[in-house]
Amino acid sequence: MATFDDVLEEAGSFGRCQKRIFALLCLLSIPFSGVYVGIVFQGFTPDHWCRDSAVAERRQACGWSLADSRSLTVPLVNSSGVLQQSSCEQYEVDWNATGLTCDTQDVDFTEVPVTKCKDGWEYDYEGRKSFVTEFNLVCSDAWYVDMYQSTLNAGFLIGSFAFGYFADRFGRRVSFLMSNLLNLISGIVLAVAPNYISILVVRGIFGFGVKGGWMSTYVLITEIVGVEYRRTVGILYQMFFSIGNLLLPLVAYFITDWRWMQVTIAAPYLLFLSYYWFIPESPRWLISQNNPAKALEITEALAKENKKKISMNFETLTDDEGDSPSASLLDLIRTPNMRKHTFILMFNWFTSAVVYQGLIMRVGITGGNVYIDFLITGLVEFPAAFLILFTIERVGRRLPFATANIVAGASCLITAFIPDSLMWLKMVVASVGRLGITMAFEMVVFVNTELYPTFVRNLGVSVCSTLCDVGGIVAPFLLYRLAAIWLELPLIIFGVVAFVAGGLVLLLPETRGVPLPDTIDDIEFPNRKKEDVVENQQMKKLLKSDLTSNKETTTV
């Protein structure tokens, strides 16, 4: 019986209409970058130290520099093996009870006790106003910054499940438009939220809508193109996220207030609401909902724009993409190979999120030029998509996937031990790691789909990818809290985790040239599937040779 893929062959697998829709929907990945990693700029923590009101007043009266007043306020402490001025402690001195004058510069503080900051902090703003400086989220309150990213990923986690249901129940297009409306409202509310607790709540809602809409769009894109184009459009759709990474430091450079930057990130979702008039519903979903008339109408319009015609009867089409109602979570772990695939893929989703987010957020705490460093490391993401497209059909899936993880792990470990005096080398090696983990992140998506049988494929991808959001919840705590102990410690953790992930990938089967599995037996006994493929190929060759010989006999 004919399927919708057969109809797409007639209507055009990737014609002018699909290219137009693809181009419009790819724009959604650009602001997603600002949502996902905007914390580097919105949560930027500048150099800071304890404020002493008496010293601050004297500084203004005497024309002292910030460095002069700071030397009178804070002690030196050991930070990662280097003596630096403390950010969280000050000398316990009542300057109002001393003879502090404009000439007071060299003071012996040897016997003076220290205490925690009592009168707030002073910041070397470096031209940026972040929520860190607005709410004084430093020292003992620094973990609140981690929560800004963790609540986003918690929203991602819930939104993935919720919008997965919405997209199957109400349609891909409706879910996409619902998410854009939610994103616009929550994004603007986030920009005007009065206190940090409300910011965290709205941030979670923002993540709920953004991730759900992004996934609904991903599904819509892959459902309106032919089978042979699905992987390519999926990878290129993710590549537009990298374009967003390049634009983000430019936006942050010119918009230095975190609230106005948040408005800029949310504003495009107003434009995406206009897609109501330009983006159709997925005909494949309509067929699965027993609405062939509407599916026919949309497909005929698609074919007309592609300058094609269709002849098949939609009433007889079958939906070959749906999950069996008998699919359950136990199917993912009941048998040995399925269990192995599930645990390895879950760990790789987790690793990709932790290392990718960790390396990006690390740019904001290394002390370099955050705009240039972010731009340079963003540029190295572009080759990732092209390397994947070049290697997966020539080399296969497993080796590039494993290599990408191992390269990322090795780069992290090497970067941790390169001295700061060779900062250019440190940047180069870290950028190679960023390239590797970007490749791994983009590959885990489609490798996941190729390692599960049809009836449980969507469930398997959904369950495994939840570890991506769990990794995103953990990543900021791993980075910021460990970096407070030693700046390079997070890199060592990232390196070890990525190495393990790469090694585990080598335990997965190669799927290049292998048809998608239909049953659990195809996973547990893969050689049978390969034998069937070889037999089918041999049969096709025999039939072709028989037809050729028959033609020759007829000619004679």
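See above for the structure.
Criteria and cut-off values
Every chain begins its residue count from 1, and numbering advances along the sequence as written. Per-residue local features of the predicted model are confined to residues with pLDDT of at least 70, and side-chain atom pairs are confined, for both listing and counting, to 80 or more; whole-chain, interface and lining totals are unaffected and use all residues. Heavy atoms throughout the structure, all of them, feed into the side-chain values; hydrogens and water do not. The way it works is that DSSP assigns letters per residue, a run of H or I at least four long becomes a helix, a run of E at least two long becomes a strand, and they are numbered from the N terminus. Three exposure classes are used, based on accessible area relative to the maximum for each residue type with a 1.4 Å probe and protein chains only: buried under 20%, partly exposed in between, and exposed over 50%. By the convention used here, residues are in contact when the closest approach between their heavy atoms is within 4.5 Å. Reported accessibility uses the Shrake-Rupley method at a 1.4 Å probe radius. Residues are deemed covered only where the shown protein chains occlude them. Residues scored as positive are Lys and Arg, those scored as negative are Asp and Glu, and His as well as the terminal groups of each chain are ignored. Taken as the charge location is NZ of Lys, CZ of Arg, CG of Asp or CD of Glu. For this document, the term salt bridge refers to a Lys or Arg side-chain nitrogen within 4 Å of an Asp or Glu carboxyl oxygen. A pair of cysteine sulfur atoms is labelled a disulfide when the two atoms are within 2.5 Å. For helices, the axis comes from a line fit to the C-alpha atoms of the stretch in contact; other axes are also lines fit to C-alpha atoms, and the angle between any two N-to-C directions lies between 0 and 180 degrees. Small angles under 35 degrees read as roughly parallel and large ones over 145 as roughly antiparallel, with 65 to 115 read as roughly perpendicular and the rest as oblique. If you view the pair so one helix is near and one far, a crossing is left-handed when the near helix is turned anticlockwise from the far one by less than a right angle, and right-handed when it is turned clockwise. Helix span, as expected, comes to 1.5 Å for every residue beyond the first. What the bend at a residue measures is the angle between two axes, fitted to the seven residues ending there and to the seven starting there. Only buried residues count toward a nonpolar core. Its members are Ala, Val, Leu, Ile, Met, Phe, Trp, Tyr and Cys residues joined through side-chain atoms within 4.5 Å. Within this analysis, the arc is defined by the directions that extend from the helix axis to the C-beta atoms. Paired rings are identified among Phe, Tyr and Trp, the last through its six-membered ring, by centres lying within 6.5 Å, and are further divided according to the angle between planes into stacked (under 30 degrees), edge-to-face (over 60) and tilted (the rest).

So, on to the overall build of the protein chain. In terms of helices and strands, the protein chain carries 24 helices and 6 strands. When the backbone C-alpha atoms are referred to their principal axes, the protein chain occupies close to 115 × 45 × 45 Å. Per-residue burial over the protein chain gives 50% buried out of 556 residues. For the protein chain, the share of sequence-separated contacts (at least 6 apart) that also reach a separation of at least 24 residues comes to 81%. Surface summary for the protein chain: the accessible area is close to 25,500 Å², and the carbon and sulfur share equals 63%. Between the averaged position of the 44 positive side-chain charges in the protein chain and that of its 54 negative side-chain charges there is a distance of 7 Å.

Our focus in this paragraph is the pattern of salt bridges. Tallied over the full model, the rule gives 20 salt bridges. A salt bridge links Glu134 to Arg259; the shortest N-O distance between them is 2.7 Å. Here the residue Glu134 occupies a position in helix H7 (residues 131–135), and Arg259 occupies one in helix H12 (residues 258–266), the gap between them amounting to 125 residues. For Glu450, the salt bridge identified is with Arg397, shortest N-O distance 3.0 Å. With Glu450 in helix H20 (residues 423–450) and Arg397 in the loop between helix H18 (382–391) and helix H19 (398–416), this residue pair connects regions lying 53 residues apart in the sequence. Assessed through its relative accessible area of 7%, Glu450 is described here as buried.

When you line up the elements, Phe176 lands in helix H9 (residues 172–192). On a C-alpha basis, the gap between Phe176 and Tyr218 in space is 10.0 Å, while along the polypeptide they are 42 residues apart. Setting aside chain neighbours within four positions, we find Phe176 in contact with Leu25, Leu28, Gly213, Ser216, Thr217, Phe272 and Tyr275.

So, about the state of the cysteines. Going through the model one piece at a time under the given rule, you end up with 2 disulfides. In this model Cys50 forms its disulfide with Cys117; the gap between the sulfur atoms is 1.8 Å. Linking Cys50 and Cys117, the disulfide has an S-S dihedral of approximately -65° and is accordingly described as left-handed. Placement of the pair is Cys50 in strand E1 (residues 48–50) and Cys117 in the loop between strand E5 (114–116) and strand E6 (121–123), with a sequence separation of 67 residues. Each of the two residues, Cys50 as well as Cys117, counts as buried. For Cys88, the disulfide goes to Cys139, at an S-S distance of 2.0 Å. Taking the sign of the torsion about the S-S bond as the criterion, the disulfide between Cys88 and Cys139, at about -95°, is left-handed. Of this pair, Cys88 sits in the loop between strand E3 (82–85) and strand E4 (89–91) while Cys139 sits in the loop between H7 and helix H8 (143–170), placing them 51 residues apart in sequence. Using a relative accessible area of 30% as the deciding quantity, one classes Cys88 as partly exposed. Not part of a disulfide, Cys464 finds its nearest cysteine sulfur in Cys468, a span of 12 Å.

Along the chain, Val474 turns up in helix H21 (residues 457–485). On the basis of relative accessible area, Val474 is assigned to the partly exposed category, the value being 30%. A sequence separation of 413 residues divides Val474 from Ala61, and the C-alpha atoms of the two residues are 47 Å apart.

Contact geometry of H18 with H20 gives a least axis separation of 9 Å together with a crossing angle of 50°. Taken as axis vectors, H18 and H20 run oblique relative to one another. Regarding H18 and H20, the two cross each other, and that crossing is right-handed. Residues Pro383, Ala384, Ala385, Leu387 and Ile388 of H18 touch H20, and the partners they reach there are Leu435, Thr438, Met439, Glu442, Met443 and Phe446.

With 28 residues, H8 extends 39 Å between its outermost C-alpha atoms, agreeing within 8% with the 40 Å of an ideal straight helix rising 1.5 Å per residue. Where H8 bends most, the angle comes to about 25°, and this point is Gly159. At the C-terminal side of H8, Gly171 shows a positive phi close to 110°.

Ranked by size, the top nonpolar core spans 124 residues in total, and within it Phe41, Phe131 and Tyr148 carry the most contacts. Among the elements that line this core, the one with the most residues is helix H16 (residues 336–362), at 12 residues. Contact partners of Phe131, with chain neighbours within four places excluded, come to Ile39, Gln42, Gly43, Leu137, Val145, Tyr148, Tyr196 and Trp258. In terms of nonpolar packing, the next biggest core, distinct from the first, is built from 8 residues, Trp64, Trp95, Leu100 and Phe109 among them.

Those residues of H18 not exposed but buried are Ala384, Ala385, Ile388 and Thr391. Along the axis of H18, the buried positions cluster into a sector of 150°, meaning they face one direction only. Close packing links the buried residues of H18 with helix H11 (227–254), H19 and H20.

Attention shifts here to the packing of aromatic side chains. Counted by the stated rule, this structure contains 33 aromatic pairs. Judged by centre distance (6.3 Å) and plane angle (50°), the rings of Phe241 and Tyr356 are tilted. Highlighted residues: Phe241 in helix H11 and Tyr356 in helix H16, separated in sequence by 115 residues. Here the two residues Phe241 and Tyr356 agree in accessibility, since each one is buried. With a centroid separation of 5.6 Å and 75° between ring planes, the pair formed by Tyr356 and Phe441 is classed as edge-to-face. Placement of Tyr356 in helix H16 and of Phe441 in helix H20 is noted, with a sequence separation of 85 residues between them. In textbook terms, an aromatic cluster arises when at least three aromatic residues are bridged by ring pairs, as seen for Phe32, Tyr36, Phe156, Trp214, Tyr218, Tyr237, Phe241, Tyr356 and Phe441.

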